[in-house]
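# Commentary on secondary and tertiary structure
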Amino acid sequence: MHTHKKLALLASAMLLGSCEQTLQTSFYPDQPPQKLSAWQVLKKTTSGLRIADDAMVYDLNTALFSDYASKLRTLHVPRDKQATYEDGELIFPVGTVVSKTFLYETNEAGHVSLDNSWQGDPAQLDPNSTRLLETRLLVNTDQGWQPHSYVWAEGDADYKITGELIELATTGEPAAFSYLVPSRNQCASCHATNHTTGELKPIGLQVRHLHKASPVSGTNQLVELTQRGWLTLNAEVDALPANADYSDPEAELAHRARSYLDINCGHCHNPEGAADTSGLLLHYGNQDLAAMGQCKPPIAAGRGSGGFMYSIVPGESSASIMTHRMRTQDPGQMMPELGRALTHIEGTNVTATWIDQMRGKCE
């Protein structure tokens, strides 16, 4: 082979190798691409999932329940820009891209497990026993945060503006269920935390949810964000609020239950949320037990009340509307209304135990 051809092949190989090692996050402020790969947020490889070099894996103290799916979350903040901490809220710059990939561990037959052991590090994912279902993006543009859903098929994921219903067989009970990929409009039902303005926002990207060790580096995530130059806090990290891991038996019971209700219900049940007319406030900013539902009759629950009188009956979770709506799988009664087909037994049990230990009597 001639020398110049050898050099050309070597240069080509070096270029391909370089591309293989570089994965940057793209930004599409207008029309989203039809394939997730165009965003370069993450890439499926023979060894697992690889995230963009300019993105960070993050986790939440307590996560929103989604039919026992595990979630890989990534955050990208544009170069030379920063998020700020203002009035207790994290504000992210235009160009920020947030991804959340939903996945299950599987057996040899391809049935999904509802008891996943993965701890959040993409390097620890086994591609031979992992099923990727969907990746949701929230992209901060000049017109505000925009949601995009992609459904995985083989090595890439396809854009699904209308969402999709995926039938899954499981390794346990129930033997099967229908998993919902939300449509673009359904994304707004949770992420429009201010019902009046309709403005979409990330739910988990707040200090109280992020104040924990990274599943990858082990560093406190707020510290890691500041070290990357992505966040200006102007506050001591140790003095900032932190939600509990609801499953941590060492944490205070009330803190565990409140943290669970905060992330799963507080995006609607807050003074500006879609459920503001219910008078039931479950975001962590509310500390009034009556507003949380103690001895509070429903305003407009309809048959969702299950025939019970109060949202919370102290000492009697079995007579409380709250735990009834968390347990039922009746679409006309269950809460949250969207995002689950199954009952989160563990989260409901923590909430029920909290209610059972309350003192007082409804009169």
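Residues numbered from 1 in each chain as written. Predicted model: local features only at pLDDT ≥ 70, side-chain atom pairs only at ≥ 80, totals over all residues. Heavy atoms only, no water.

The next point concerns the packing of aromatic side chains. Counting across every chain of the model gives 7 aromatic pairs. Pairing F102 with Y179 gives two aromatic rings, centres 6.4 Å apart and planes at 65°, and the pair type is edge-to-face. Taken together, the residues span a long stretch of sequence, with F102 in strand β7 (residues 97-105) and Y179 in strand β12 (residues 176-181) at a distance of 77 residues. Judged by relative accessible area, F102 falls into the buried class, the value being 0%. Here Y246 and Y260 contribute two aromatic rings whose centre-to-centre distance is 5.4 Å and whose plane-to-plane angle is 55°, an arrangement assigned as tilted. Residue Y246 is located in the loop between β13 (231-232) and α5 (253-265), and its partner Y260 is located in helix α5; the two are separated by 14 residues in the primary sequence. Like Y260, Y246 is buried. Ring pairing ties together the aromatic residues F102, Y104, F177 and Y179, which thus form one cluster. One Lys or Arg, R228, reaches over the ring of W230 and ends 4.9 Å from the middle of that ring. (Phe/Tyr/Trp six-rings, centres within 6.5 Å; stacked < 30°, edge-to-face > 60°. Helix = DSSP H or I, 4+ residues; strand = E, 2+ residues; numbered from the N terminus. Buried < 20%, exposed > 50% of the residue type's maximum accessible area, 1.4 Å probe, protein only. Lys NZ or Arg CZ within 6 Å of the ring centre and 35° of its normal.)

Sheet architecture is open: 3 strands sit in the order β6-β5-β13, paired in mixed fashion. One side of each edge strand has no neighbouring strand; the edge strands of this open sheet are β6 (89-91) and β13. Examined bridge by bridge, strand β5 (residues 83-86) and β6 share 3 bridges and lie antiparallel to one another. Its bridge partner lying in β6, E86 is registered against E89. (Pairing = 2+ DSSP bridges.)

Right, let's talk about the state of the cysteines for a bit. On inspection of all chains with the given rule, the structure shows 1 disulfide. Two residues share a disulfide in this structure: C295 and C362, whose sulfurs sit 2.1 Å from each other. Taking the torsion about the sulfur-sulfur bond, which here is approximately -90°, the covalent link between C295 and C362 counts as left-handed. Here C295, found in the loop between α6 (289-292) and α7 (321-327), pairs with C362, found in the segment after α8 (345-356); they are 67 residues apart in sequence, far enough to count as distant. For C295, a relative accessible area of 25% gives the class partly exposed. We note that C265 lacks a disulfide partner, and the nearest cysteine sulfur, in C268, lies 8.7 Å from it. (Disulfide = S-S within 2.5 Å.)

Turning next to empty space enclosed by the protein. Empty pockets left among the atoms are what a rolling probe the size of a water molecule brings to light. What the rule picks out here adds up to 2 cavities of 30 Å³ or more. Put simply, the largest cavity is a space of about 640 Å³. At 5 residues, helix α2 (residues 184-191) tops the list of elements feeding residues into the lining of the largest cavity. Of the pockets and cavities examined, the second largest cavity occupies roughly 60 Å³. Together, K44, G48, L49, L125, D126, P127, T130 and L132 line the second largest cavity. Mapped by element, the contributors of at least two residues to the lining of the second largest cavity are β2 (48-51) and β8 (130-141). Looking at side-chain class alone, the lining of the second largest cavity contains 4 nonpolar, 2 polar and 2 charged residues. (1 Å grid on protein atoms, 1.4 Å probe; cavity = no way out; pocket = protein on both sides within 12 Å on 5 of 7 lines; lining within 4 Å. Points joined across faces, edges and corners; volume = space filled by probe spheres on them. Nonpolar A, V, L, I, M, F, W, Y, C, P; charged D, E, K, R; others polar.)

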